[in-house]
Amino acid sequence: MKTKLLTLKIILAILLILPLFPAGPARAGLTSTPFPDVDSAKYSWAVQSITFMAQSGILQGYPDGTFKPGRYVNKEEWAVMVYRLFDKYRPSLRSDALNYSRPSYVDVPSSHWAYREISDTFVAVGDTTVTARNGKSLFNPEYAFTRWDLAMMLYGLYGIDGGPESTNVCGDMNRFKDITTRLFNTENELEAFRGTDNRYNSELPPGTIYPILFLKEADGTCDANYDDYSALAAGALIEMNKTGILTADAAGKFYPSAKLTRAEAVTVLHRILDHLKTRGVLGNYSSINPSGILRPVPMPAPKPGEAAEGPGPFDRDLQRDGEFNTIVYPNGKKYMRLELTSKDAADLYLYMNGDIAFLRQEELPRYVQVDRVSQIGIKSQSRNPEKRSPLAAYPATLKVTFHDEIPSAGTGTGTGKPGKDSGGQTGGVTAPPGAAAVQDLKSQGEINQTFAPNGSKYMNINLISQDKVDLYVQLGTGTAFLKQEELPGKINVQGMSSVTVRTQSRNPEKRTSQQTYNAYLYVTFSN
């Protein structure tokens, strides 16, 4: 993996010596408050940057004269601003230096209104929001990207850096309190985990945030360079924070899933210019007059609702505003109920502890067990957006609620037994991802699986099932029996080379022929 990472670092180093970003000549005539909907008190941190960009001809308002500072920015809008502002940055035309070529995206034909801006300024390095379908690249021009996406893009695509490379990656990453990381003791362990979460599956929709993987070195330090994605993410977060372009707040929260608003996007662009001016290299990157650049006021942390941090309900037009892409917090609750109503057929992806669960719209409303996760990313994916009418609206509502128990059938409260919920659909339980075994006990029979403790002292075991099921655990000293009500449990397995776990359904004869009976077995080892 390190050999592969060296290639990425060399590309980034070359990017740093190339002319970097674009801007047209400044236009006079705009006042310090060019847009009536930019409240000078609410957006005091952005007024400077919005005014500067408007006067420079980088952005313009909507036909009604407004700026809509709270509206999310999508990739095609960002590409146009970058193209105008950084007029000496054309990496796809620099094949002499980097062997790049004009990219080809099936969703950005030559007739697309921003074809030139996208084709001239975007290359593959660092743009993790590019996906694929049937082997062909998708730019996803209408995707409203997140702070995480932007950090990766700025660092990988534009090569932003704040000086000498970090010598304490784990220490520097500790400042980010809402970024998931995992530390492994061996490269084999890291490699085995990396193959489980689809981080390199380009067929998945954009917006997935995977944990950063670290490997513990012999000298006690850690390194992220054993995984390309982790190296890019760790480098991006550290450098964006170091330069002040995109930072964690005073509490250490980076808000990775929060989308970027127009006001924030303009401020980030202004910060990049300020950073280049501070380094004394702005003239190499842009034809804009450096004397017109002012250091912007720090941005506030995203607010609940504005950053899609609360439980909702969330309402949006999937045609105009793009897909749902939010983060929610269970705050100790055991179950999350999801409901999606939409004019257009749309499904949901859930991101929990670095793993992914997929729910079709027909499976909703649905209860999902979430007592083992601290935060959950939720993203919608419309099935046939290309069939929409450009003149029609496609409203959708996502409802998220949290519960200690699953309500009994039709009452909204009760025993926690799966049944028909208040939405009138079957309220089966969807277990969180990461199970050691998943099996339909009716069609596939009981789970019977052997595990190797590998020197661990304890085995932690849990079972989530739509049917009443108990466990037999075959140990070297005999067999342990655990009723489902006793789970999760912990068993001493010190000195044992293997442990076999077998399920036993209580009343298989009472099952119906139309229903599945999925069981999820969770097994981990600890000392």
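Residues numbered from 1 in each chain as written. Predicted model: local features only at pLDDT ≥ 70, side-chain atom pairs only at ≥ 80, totals over all residues. Heavy atoms only, no water.

Undergrad: How should I be thinking about the overall build of the protein in this particular structure?
TA: Of the regular secondary structure elements, the protein holds eleven helices and 22 strands. Within the span of the protein, comprising 527 residues, buried residues form 52% of the whole. When the accessible area of the protein is evaluated, it comes to approximately 23800 Å², of which 49% is carbon and sulfur surface. (Helix = DSSP H or I, 4+ residues; strand = E, 2+ residues; numbered from the N terminus. Buried < 20%, exposed > 50% of the residue type's maximum accessible area, 1.4 Å probe, protein only. Areas by Shrake-Rupley, 256 points an atom, 1.4 Å probe, with all protein chains shown as cover.)

Undergrad: Can you walk me through the sheet that holds strand 3 (residues 181–184) in this structure?
TA: By way of backbone hydrogen bonds, the strands of a sheet pair with one another, either parallel or antiparallel. Overall, mixed pairing links the three strands, which are arranged 3-4-5 in an open sheet. Two strands bound the open sheet, and with one partner strand each, they are strand 3 and strand 5 (222–223). Looking at chain direction, strand 3 and strand 4 (residues 212–216) are connected through four bridges and run parallel. Counterpart to Thr181 in the pairing with strand 4 is Ile212. Contacting strand 3 and strand 4, helix 8 (residues 187–194) runs over the sheet at an angle of about 165 degrees to strand 4. (Pairing = 2+ DSSP bridges. Contact = heavy atoms within 4.5 Å. Axes fitted to C-alpha atoms, helices over the stretch in contact; angles between N-to-C directions.)

Undergrad: Would you mind showing me how to read the side chain of Asp223 here?
TA: Mapped onto the elements of the fold, Asp223 is located in strand 5. Within the structure, the side chain of Asp223 is placed 2.8 Å from the backbone nitrogen of Asn225, a separation counted as a polar contact. (Polar contact = N/O pair within 3.5 Å; in protein donor to acceptor, adjacent residues only side chain to side chain.)

Undergrad: Would you explain the state of the cysteines in this entry?
TA: Scanning the model with the defined rule gives one disulfide in all. Here Cys170 is linked by a disulfide to Cys222, with a sulfur-sulfur distance of 1.5 Å. Taking the sign of the S-S torsion, about 125 degrees here, the bridge from Cys170 to Cys222 comes out right-handed. Here Cys170 is found in helix 7 (residues 169–173), whereas its partner Cys222 is found in strand 5, with 52 residues between them in sequence. Considered together, Cys170 and Cys222 belong to a single accessibility category, that of buried residues. (Disulfide = S-S within 2.5 Å.)

Undergrad: I keep staring at the packing of aromatic side chains and nothing clicks. Help me out?
TA: For any two aromatic rings, the description comes down to two numbers: the centre-to-centre distance and the angle of the planes. Following the criterion strictly, the structure yields ten aromatic pairs and no others. With a centroid separation of 5.1 Å and 45 degrees between ring planes, the pair formed by Tyr105 and Phe139 is classed as tilted. With Tyr105 in the loop between helix 4 (95–98) and helix 5 (115–121) and Phe139 in the loop between strand 2 (136–138) and helix 6 (147–158), this residue pair connects regions lying 34 residues apart in the sequence. For the pair shown, Tyr105 and Phe139 are each scored as buried. What links up through ring pairs into an aromatic cluster is the set Trp148, Tyr210 and Tyr229. The aromatic ring of Phe139 is capped on one face by Lys75, whose charged end is 3.7 Å from the ring centroid. Over the aromatic face of Tyr394 sits the side chain of Arg388, whose NZ or CZ is 5.4 Å from the ring centroid. (Phe/Tyr/Trp six-rings, centres within 6.5 Å; stacked < 30°, edge-to-face > 60°. Lys NZ or Arg CZ within 6 Å of the ring centre and 35° of its normal.)

Undergrad: Looking at this structure, how should I read the packing of helix 2 (residues 47–55) against helix 10 (residues 262–278)?
TA: For any two helices packed against each other, the geometry is given by the interaxial angle and the distance between the axes. Where helix 2 meets helix 10, the axes come as close as 8 Å, and the angle between the chain directions of the two elements is 80 degrees. What the angle tells us is that helix 2 and helix 10 run roughly perpendicular. Taking contact as the criterion, the partners of Gln48, Ser49, Ile50, Phe52 and Met53 in helix 2 are, on helix 10, Ala263, Val266, Thr267, Leu269, His270 and Leu273. Looking at the contact of helix 2 with helix 10 residue by residue, the class counts come to seven nonpolar, four polar and no charged. (Parallel < 35°, antiparallel > 145°, perpendicular 65-115°, else oblique. Nonpolar A, V, L, I, M, F, W, Y, C, P; charged D, E, K, R; others polar.)

Undergrad: Looking at this structure, how should I read the nonpolar core?
TA: General note: in soluble globular proteins, nonpolar side chains tend to be found buried as a group. Judged by nonpolar contacts, the single largest core of 76 residues is most densely connected at Met53, Trp78, Met173, Ile212, Val268 and Leu269. The residues contacting Leu269, other than those within four sequence positions of it, are Met53, Trp78, Met81, Val82, Leu85 and Phe86. Membership of the second largest hydrophobic core comes to 24 residues, among which are Met336, Leu340, Ala346 and Tyr394. (Core = buried A, V, L, I, M, F, W, Y, C linked by side-chain atoms within 4.5 Å.)

Undergrad: Sorry if this is basic, but what is going on with unusual backbone geometry here?
TA: The omega torsion across Leu364 and Pro365 is 0 degrees, close enough to zero to call that bond cis. Note that Pro365 resides in the loop between strand 10 (355–359) and strand 11 (366–369). One non-glycine residue, Asn454, adopts positive backbone phi at about 55 degrees. Mapped onto the fold, Asn454 is located in the loop between strand 16 (448–451) and strand 17 (458–465).

Undergrad: Would you take a moment to explain the confidence of the model for the protein for this structure?
TA: In low-pLDDT segments, the atomic positions of the prediction should not be examined closely. Summing up the model confidence of the protein, the mean pLDDT is 76 and the portion of residues at 70 or higher is 76%. Mean pLDDT values over the elements of the protein span from 38, in helix 1 (residues 2–17), up to 91, in strand 4. Throughout residues 95–99 the model reports pLDDT below 50, and contacts reaching past four residues in sequence, or to other chains, amount to six contacts. A low-confidence stretch, residues 409–428 (pLDDT under 50), is modelled with 42 contacts involving residues beyond four sequence positions or located in other chains. (pLDDT = per-residue confidence, 0-100.)

Undergrad: Help me understand the pattern of salt bridges in this model?
TA: Charged atoms that come close allow side chains of opposite charge to pair. Applying the stated rule across the entire model yields 15 salt bridges. Across the pair Arg194 and Glu191 runs a salt bridge, and its minimum N-O distance is 2.4 Å. Remark: Glu191 and Arg194 occur in helix 8; sequence separation between them is three residues, near one turn of the helix. Of the charged contacts, one joins Asp227 and Arg194 as a salt bridge, the two residues approaching to 3.5 Å between their closest N and O atoms. Of this pair, Asp227 sits in the loop between strand 5 and helix 9 (228–243) while Arg194 is found in helix 8, placing the two residues 33 residues apart along the sequence. Here Asp227 matches Arg194 in class, with each residue buried. Several salt bridges share partner residues, and in doing so they unite Glu191, Arg194, Arg199 and Asp227 into one network. (Salt bridge = Lys/Arg side-chain N within 4 Å of Asp/Glu carboxyl O.)

Undergrad: Help me out: how do you make sense of helix 9 in this one?
TA: Residues that lie three or four places apart on an α-helix share one face, since the helix turns once every 3.6 residues. Compared with the 22 Å implied by 1.5 Å per residue over 16 residues, the 22 Å span of helix 9 between its first and last C-alpha is a close match. When you tally the buried positions in helix 9, you get 15 out of 16 residues, the bulk of the element. (Expected span 1.5 Å × (residues − 1).)

Undergrad: Before we go on, may I ask you to explain the environment of Gly495 in this structure?
TA: Its place among the elements puts Gly495 in the loop between strand 20 (489–492) and strand 21 (499–505). Here the alpha-carbon distance between Gly495 and Pro453, two residues 42 residues apart in the chain, equals 8.6 Å.

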